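Residue-level listing of the chains:
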Amino acid sequence: MIYLFRLIARNTLRHPLRTLLTVLGIVVAITAFGLLRTTVDAWYAGAEASSASRLIVRNKNSLTFPLPLYYGAKIRGIEGVDSVSAAQWFAGIYVDKKNFFPQFAVDPRTYFALYPEFVIPPEQMKAFLLDRRGAIAGRKIVEKFGWKLGDQIPLIGTIYPGTWSFVLRGVYTGANSRTDETQFFLHWDNLNETLKKVAPDSANQVGIFLVGLKNAREAPLVAQRIDAQFRNSRAETLTETEKAFQLSFVAMTEAILLVIQAVSFLVIAIIMAVMANTMAMTARERRREYATLKALGFPVRFIAALIIGESLFITCAAGALGAWLIHPAAAYVGRKYGTIFPIFNVSDDTVVMAMLATLLVGLVAAAGPALQASTRTVSEGFRAAG
Amino acid sequence: MTAVVEIEHLSKAYQRGGQVVPVLQDITLTLQTGDFVALMGPSGSGKSTLLNLIAGIDAPDSGLLRVAGVDITGLRESELAQWRAEHVGFIFQFYNLMPVLTAYENVELPLTLTHLSRRQRCEHARLALDLVNLSDRADHYPSQLSGGQQQRVAIARALVTDPTIIVADEPTGDLDRVSAREILDLLESLNDSLRRTIIMVTHDQAAAECAHIVRHLEKGVLTDKIEYPRERAQA
Ligand SMILES: Nc1ncnc2c1ncn2[C@@H]1O[C@H](COP(=O)(O)OP(=O)(O)OP(=O)(O)O)[C@@H](O)[C@H]1O
Ligand SMILES: [Mg+2]
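Here goes a summary of the coordinates provided. Everything numeric here is computed off the predicted structure, so don't read it as measured data. In this numbering scheme, every chain counts its residues from 1 along its sequence in written order. Chains carry letters and ligands carry numbers; both start at the beginning, A for chains and 1 for ligands, and go up in the order they are written. Per-residue local features of the predicted model are confined to residues with pLDDT of at least 70, and side-chain atom pairs are confined, for both listing and counting, to 80 or more; whole-chain, interface and lining totals are unaffected and use all residues. Think of the side-chain values as coming from all heavy atoms in the structure, minus any hydrogens and water.

### Quick notes on helix 14 (residues 378-385) of chain A
Right, so step 1: Looking only at helix 14 of chain A, the buried set comprises Val 378, Ser 379, Gly 381 and Phe 382 of chain A. All buried residues of helix 14 of chain A project into a common sector of 155° when viewed along the axis, lining one side.
Right, so step 2: Considering only its buried residues, helix 14 of chain A is in contact with helix 11 (287-295) of chain A together with helix 1 (47-55) and helix 2 (77-87) of chain B.
Right, so step 3: Each helix is a run of H or I in the DSSP string that is no shorter than four residues. Each strand is a run of E no shorter than two, and both are numbered from the N terminus. Note on helix 14 of chain A: the residue one or two positions beyond its end, Gly 386 of chain A, has a positive phi of about 80°. Only protein chains enter the accessibility calculation, which uses a 1.4 Å probe; a residue is then buried when its area is under 20% of its type maximum, exposed when over 50%, and partly exposed in between. Think of the arc as the fan of directions from the helix axis to the C-beta atoms. Residue contacts follow a heavy-atom distance rule, with two residues in contact if any of their heavy atoms lie within 4.5 Å.

See below:
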């Protein structure tokens, strides 16, 4: 037993460069695998974090068409509805287009009551409510742009022309790690008052209504009631749970996700081929030694353990390093592209999958050589070694 | 004297390109404990094949093969491996030491298949290295040793388990004259003073003269037998 480990350890270091390159390849592959899986997770993060007890009501024709404000009061009267709020996509540009972050004009009193996961200090909330030009921003973008409370934040309108200026009154933090901390909220009233003056046709309209339910299990029923209420009206509605709403965004990009997933498995397949080649080469060079060990009376399983052990030793060491690197790598990506992927957290599943993939690579790579070395008789082994 | 190797009507053929090539035909041979036998013959005559059969690393097609009192043709691969560990010491033309193990570790290696304690293993391995005069090279790796020294380590490895027979396939085939002489002297003294049974394949007349029985193989058939009196071998 002691010699088994001694032989494995020393054999591993026999070709330091070859081992190093193989290890490097596996580290990169496993880290890439982890990042790709995390990217897929990040895509679904919005849906994952969404609540099942909230409904989103939007224009049936298209999300880009608004709904009349007065629908809100009607929805509030529908059975099963607890509270209603509204939000309007603002789509302003902060200094440069690439500084994208989502902005919503909301009715603050009802909106934040519906979204307890946005945690705002009470005094900041009070200041925001008192200032019609006030804004609340998520911690991540505040840090990214170096904003401080009281700062003027100019946004160049795209849907609503002109340069709009807001005063940062509050910073919200997420109640948990799945909460998006990159959003920006302004007063819907403020937007609407301005629209009344400059574009009366666009006034008194909202993008979506957000509906809090008395009982989450009634979601499908209440959604039906809401849509029935507005059937055959000027703007028909489409109501779905927040999760379904988020997933419909993901669905638009599903093809990309499938590609990313496929690539993540491809990376594993490639490194498997690389490792299998390394092990085949290694076992080939050591045929004489395996034959000698067998002649001396070492059992077949000793030879197999020697080969599988070396393969697992290399892959597991490299895989552990790669899996460990997923976290810092993801943190880096999360920081750098935080506004594209507001939630970029490495799940335990991803790390476990990376480890399992490593194990699989090690076993598959060793299987062929181990089988060959253990089925060859001693004299065949010596003849093959020349 | 007791017979350690009993061979009767032993045959072996190989398949090559769909053709059956007979390698050993109807071999009958008996070796006694303490014998030092040299197997000679032209290249391809089947010397290595016969040696491999006796050593239990290849299987015959037909015939009787009893070595160390065991009919090894009836053993399964795992049993055969155990039997080899217990009864056979190997010396190869190309030494076949583990390159990642030191001289000492190479000698200790086969002892890990026995029930000896770590301390006993250490004692045996030191003793064997002493016997081949390489105690001062115990910590050297094979690549740091000359061919002759490597072969001496291999001899230490072959005798450390105290095997019933030692098989050597052209043990001097890869060595210069001086180193070869050292190895032959060593084998001779193992046979003389330690009564080891040795079967050696060789092309070298000088090597054959160390043995006291020389058998010739010709196209897979044993031909003449030359016996040297023991006194001469000892001289
Ligand atoms: N595994 C095998 N498969 C096919 N043919 C084999 C095999 N092993 C040996 N042979 C053949 O059997 C014959 C005898 O081989 P062997 O190695 O016993 O000869 P040898 O007397 O040891 O020769 P040399 O002096 O060259 O070592 C040769 O023709 C060889 O090619
Ligand atoms: Mg030969």
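There is more to say, and it comes next.
### Section: the packing of aromatic side chains
For any pair of aromatic rings, the description consists of the separation of the ring centres together with the inter-plane angle of the planes.
Right, so step 1: Note on aromatic pairs: the rings of Phe, Tyr and Trp (six-membered ring only in Trp) are paired at centre separations within 6.5 Å, and the planes decide the class, stacked below 30 degrees, edge-to-face beyond 60, tilted for the rest. Scanning all chains against the criterion turns up 29 aromatic pairs over all chains.
Right, so step 2: Judged by centre distance (5.2 Å) and plane angle (50°), the ring pair of Tyr 111 of chain A and Phe 185 of chain A falls under tilted. Taken together, the positions of Tyr 111 of chain A in helix 4 (residues 108-114) and Phe 185 of chain A in strand 9 (residues 184-187) put the pair 74 residues apart, joining distant regions of the chain.
Right, so step 3: Here Tyr 111 of chain A falls in the buried class, since its relative accessible area comes to 5%.
Right, so step 4: The class for Phe 185 of chain A is buried, based on a relative accessible area of 0%.
Right, so step 5: Measuring from centroid to centroid gives 5.0 Å for Phe 382 of chain A and Phe 92 of chain B, while their planes differ by 50°, and the two rings are tilted. Taken together, the positions of Phe 382 of chain A in helix 14 and Phe 92 of chain B in the loop between strand 6 (88-91) and helix 3 (103-108) put the pair across two chains. Judged on exposure class, the residue Phe 382 of chain A and its partner Phe 92 of chain B are both buried.
Right, so step 6: Joined through ring pairs, the aromatic side chains of Trp 89, Phe 104, Tyr 111, Phe 112, Tyr 115, Phe 118, Phe 128, Tyr 172 and Phe 185 of chain A make up one cluster.
Right, so step 7: We call a charge positioned over a ring when the NZ of a Lys or the CZ of an Arg lies within 6 Å of the ring centre and within 35 degrees of the ring normal. For the cation-ring pair, Arg 6 of chain A lies above Tyr 3 of chain A, with the distance from its terminal atom to the ring centre recorded as 4.6 Å.
Right, so step 8: Here the basic side chain of Arg 54 of chain A rests over the ring of Tyr 115 of chain A, its NZ or CZ set 3.8 Å away from the ring centre.

By themselves, these observations are geometric and do not establish any function.
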